[in-house]
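# What the coordinates show
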Amino acid sequence: MTNFMSQWVYTPVVKDHFMNPRNTWKEEEHFQSDGVGEVGSLACGDQMQVAIKVEDDTIVDLRWLTYGCASAIASTSMMSELAIGMTLEQAYHMTPDMITEALGGLPDHKFHCSVLGDKALRAAIDDYLEKQGRENLFKKNVAKIICECKQVTDVQIEDLVKTGKAKTLDQLQEITEYGTVCGNCKQAVSDLFDEFKHIYNV
C-alpha cells in the first residue's frame, strides 16, 4: 500500500473527486432530465453520459455516469460541479483545460483520453435545444477553423462524424473539400477525425 501511495500521481482534489464523486446518476433516483448527452466508447476505455435539468436557460441540476479510470471519474465529477448554475452558453464554452485546472492538473497522458465531460455536457445541451425545437446559436461561437482555405471548422467536422455523414476521411473531404488547396490542414483534420470517432463511438 505504501508503495502504491508513493506512486500516486494525482492531486488531492483529483483523489477527492475520485473517491467521493459528486452528482452521480443513481438509477433509483429517477432523475428527470431535459437533455442527455453521451460520448466515448467502452471498447476504447471511457464512456460518459450526462443529463441536465434546465430552467430559464440555466443548468439547475446535472447527473452523470462514466465507465473509466480515476481521471475520467474525477474530471466528470468536477465538470458537474462547475456546470451547475451556469447558463447554457457558459456551459457550452467549458473546456478540458478549465476542468483540469480546477482539479489542480492531470498527468499529460490522461488528459486527452479521460477529460470528455465537457463534450458530454455539450451533447446534452445539443439534445435539450433540439428537443425544444431551438437553433443552437452556441456552436458557431466555439468553432475553430481547421482548414483556412475552405473555412472548415472543428464543429463542422464533429457534426459530420457524430451524425455518420462522414464515416471516412475521404467522405469528409468530399463533403468539406478540406485539404484540396494548400493541404496544410490534412494532419490536423485527420487527428480531429480520429478523436471524434473515438468520442462518439462511430
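Our subject is the structure listed above.
Report follows, based on the coordinates.

A separate point is the packing of aromatic side chains. In this structure the tally under the stated criterion is two aromatic pairs. Relative to Phe31, the ring of Trp25 has its centre 6.2 Å away and its plane inclined at 75 degrees; by these criteria the two rings are edge-to-face. When the centroid spacing of 5.7 Å and the interplanar angle of 45 degrees are considered together, the rings of Tyr92 and Phe138 count as tilted. One end of the pair, Tyr92, is in helix α4 (residues 88-92); the other, Phe138, is in the loop between α7 (117-131) and α8 (139-142), with 46 residues separating them in the sequence. Phe138 matches Tyr92 in its accessibility class, with the two residues each being buried. Lying across the ring of Tyr92, Arg122 places its NZ or CZ 5.4 Å from the centre.

Next up on the list: α7. In this model α7 runs 21 Å from its N-terminal to its C-terminal C-alpha over 15 residues, within 8% of the 21 Å that 1.5 Å per residue would give. Residue Gly133 follows α7 closely and has a positive phi angle near 70 degrees.

Moving on to the pattern of salt bridges. In the structure shown here, the tally under the stated rule is 11 salt bridges. Salt-bridge contacts for Lys139 lead to Asp159; the nearest nitrogen and oxygen are separated by 3.0 Å. One end of the pair, Lys139, is in helix α8; the other, Asp159, is in helix α9 (residues 154-162), and 20 residues separate them in sequence. For Asp159, a relative accessible area of 27% puts it in the partly exposed group. Overlapping salt bridges bring together Asp16, Arg22 and Glu81 as one network.

Conventions we followed
Residues numbered from 1 in each chain as written. Predicted model: local features only at pLDDT ≥ 70, side-chain atom pairs only at ≥ 80, totals over all residues. Heavy atoms only, no water. Phe/Tyr/Trp six-rings, centres within 6.5 Å; stacked < 30°, edge-to-face > 60°. Helix = DSSP H or I, 4+ residues; strand = E, 2+ residues; numbered from the N terminus. Buried < 20%, exposed > 50% of the residue type's maximum accessible area, 1.4 Å probe, protein only. Lys NZ or Arg CZ within 6 Å of the ring centre and 35° of its normal. Expected span 1.5 Å × (residues − 1). Salt bridge = Lys/Arg side-chain N within 4 Å of Asp/Glu carboxyl O.

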